[in-house]
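Inside the fold
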Amino acid sequence: MTLISRVETFLVAPRWLFVRIETESGIVGWGEATCEGRSETVRAAVGQLSELLIGRDALRIEDHWQVMTKGSFYRGGPILASAVSGLDQALWDIAGKHFNTPVHQLLGGHVRDRIRMYGWVGGDEPNEVADQISAQLDVGLTAVKMNASGRMSPVASVAEIDGVIRRVAAAREVLGEHRDVAVDFHGRFSLANARRVAPLLEPYRPFFLEEPVVPENTHLLREFTSSTTTPVSTGERLYSRQEFLPALQAGIAVAQPDLSHAGGITEVRKIAALAEVYEVHLAPHCPLGPLALAACLQVGFATPNFLIQEQSIGIHYNQGAEVLDYVVDKTPFKFVDGHIERLTGPGLGVDIDEAVVRAADKRGHAWRGPVWRHPDGSFAEW
């Protein structure tokens, strides 16, 4: 048996939490348990969950997932789910290295040779949007995602609505007819605002409209999906098949689980299978580090209903470190015609520079998301 001997965590810039599992036979697996703004809390949860793993066979991945997620009377939520996610990724990494094969081979083998990628662009003004999209095209991408807006009033003004339309129009002008732009509402819109804006965006053919309502209001999704012909996506703040089911039933077209939040490879594969029943495609959320990205890609290569993959190379959040700073060999993550070619290395297919990670952990980080307020002083969704 491949017995687990040690579990470690590393809080590394810009805002990530890496997990390292070592076995008695010397195999090391890596995962990413990042929960943006709450990674220190997740670190404590990983430490507690590791009590269930030490001395156990690393290859019993499904059994470990069952025990970690159900072995306490109080379950679920982003903290525990993120902790399980990082540990699960590391266990799959160990399994791949043990059998000397990529994780996607253990998941049934690849169903595609490459995965289309997209990047995030900011820009509050149309000319900034155009410049940032051009930069993404220059590195070889054929699709981008942009925020629809900044802070939004509960009932948007004409200026707020027109600002959304102008920015998306600017994006479409740069991209032309053969490249794509997804528009992220980011849970910032009220249902009324989302329903008002969506039809106005249809002439610009968005790839999808993301998170039109906050996840606790998934019961309102049907009212939005029925108000637009544009594909609707959500899921970065849904953490299980059970939480995805109402969204699937509400008519979304794209499911976006985060492999560092939604139970890792084990659960996201099951979410993908459930989504396939509803003719919904998978586009995992991933504005995170190299391990989360590698885990997403491994799932993507083996998942029939996979659509496109987010990645955060060069994203504005990455202050103090970049995605590939912790990777020994960067070539597997090279963009080729807007895609990443199939990873062929064992496990997750990424070789982590352990010395750099350990040094980064000594510096640590305390990343926090911003807190926004409306002009009257009340809380505003970020």
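Shown above is the structure to which this text applies.
First things first, this report covers the structure right here in the doc. Remember, predicted model here, so these are calculated numbers, not experimental data.

Overview of the pattern of salt bridges
- Summed over all chains, the structure comprises 19 salt bridges.
- In this structure, the salt-bridge partner of R6 is E22, at a minimum N-O distance of 2.9 Å. With R6 in strand β1 (residues 4–12) and E22 in strand β2 (residues 16–23), this residue pair connects regions lying 16 residues apart in the sequence.
- On the basis of relative accessibility, which here comes to 38%, the residue R6 falls in the partly exposed class.

Some details on the nonpolar core
- Within the largest apolar cluster, 111 residues are counted, with the highest numbers of intra-cluster contacts made by I21 and F185.
- The greatest single-element share of this core, amounting to 10 residues, is contributed by helix α11 (residues 290–302).
- Apart from the residues lying within four places of it in its own chain, the contact partners of I21 are I4, R6, V7, I27, V28, G29, L53, L87, A90, L91 and I94.

Comments concerning the pairing of strand β6 (residues 180–184)
- For β6, a buried count of 5 out of 5 residues is recorded, marking the element as mostly surrounded by other parts of the structure.
- Because side chains alternate across β6, one face comprises the buried residues D180, A182 and D184, and the other comprises V181 and V183, equally buried.
- With 2 bridges connecting them, β6 and strand β7 (residues 209–210) associate as parallel partners. Residue pairing for β7: V183 is matched across the bridge by L209.

Some points on the sheet that holds β1
- Strand order in the open sheet formed by 3 strands is β1-β2-β3, and the pairing between neighbours is antiparallel. Of all the strands in the sheet, just β1 and β3 (28–32) have a single pairing partner and so form its edges. Neighbour-to-neighbour, the strand axes of this sheet turn through a mean angle of 20 degrees, independent of strand direction.
- The pairing of β2 with β3 spans 5 bridges and is classified as antiparallel. Pairing of V19 across the sheet is with G31, part of β3.
- Sitting on the sheet, helix α1 (residues 39–49) is in contact with β1 and β2, with an inclination near 175 degrees to β1.

Some words on the packing of α1 against helix α3 (residues 78–99)
- With their axes 8 Å apart at the nearest point, α1 and α3 run at an angle of 60 degrees to one another. Considering their axes alone, α1 and α3 lie oblique with respect to each other. For the crossing formed where α1 meets α3, the hand is right-handed. Of the residues in α3, those touching α1 at T41, V42, A45, V46 and L49 are I79, L80, S82, A83, V84 and L87.
- In terms of residue class, the contact of α1 with α3 is made up of 9 nonpolar, 2 polar and no charged.

Basis of the calculations
Residues numbered from 1 in each chain as written. Predicted model: local features only at pLDDT ≥ 70, side-chain atom pairs only at ≥ 80, totals over all residues. Heavy atoms only, no water. Salt bridge = Lys/Arg side-chain N within 4 Å of Asp/Glu carboxyl O. Helix = DSSP H or I, 4+ residues; strand = E, 2+ residues; numbered from the N terminus. Buried < 20%, exposed > 50% of the residue type's maximum accessible area, 1.4 Å probe, protein only. Core = buried A, V, L, I, M, F, W, Y, C linked by side-chain atoms within 4.5 Å. Contact = heavy atoms within 4.5 Å. Pairing = 2+ DSSP bridges. Axes fitted to C-alpha atoms, helices over the stretch in contact; angles between N-to-C directions. Parallel < 35°, antiparallel > 145°, perpendicular 65-115°, else oblique. Left-handed = near helix turned anticlockwise from the far one by under 90°. Nonpolar A, V, L, I, M, F, W, Y, C, P; charged D, E, K, R; others polar.

Remember, this is a structural readout, not a statement about activity or role.
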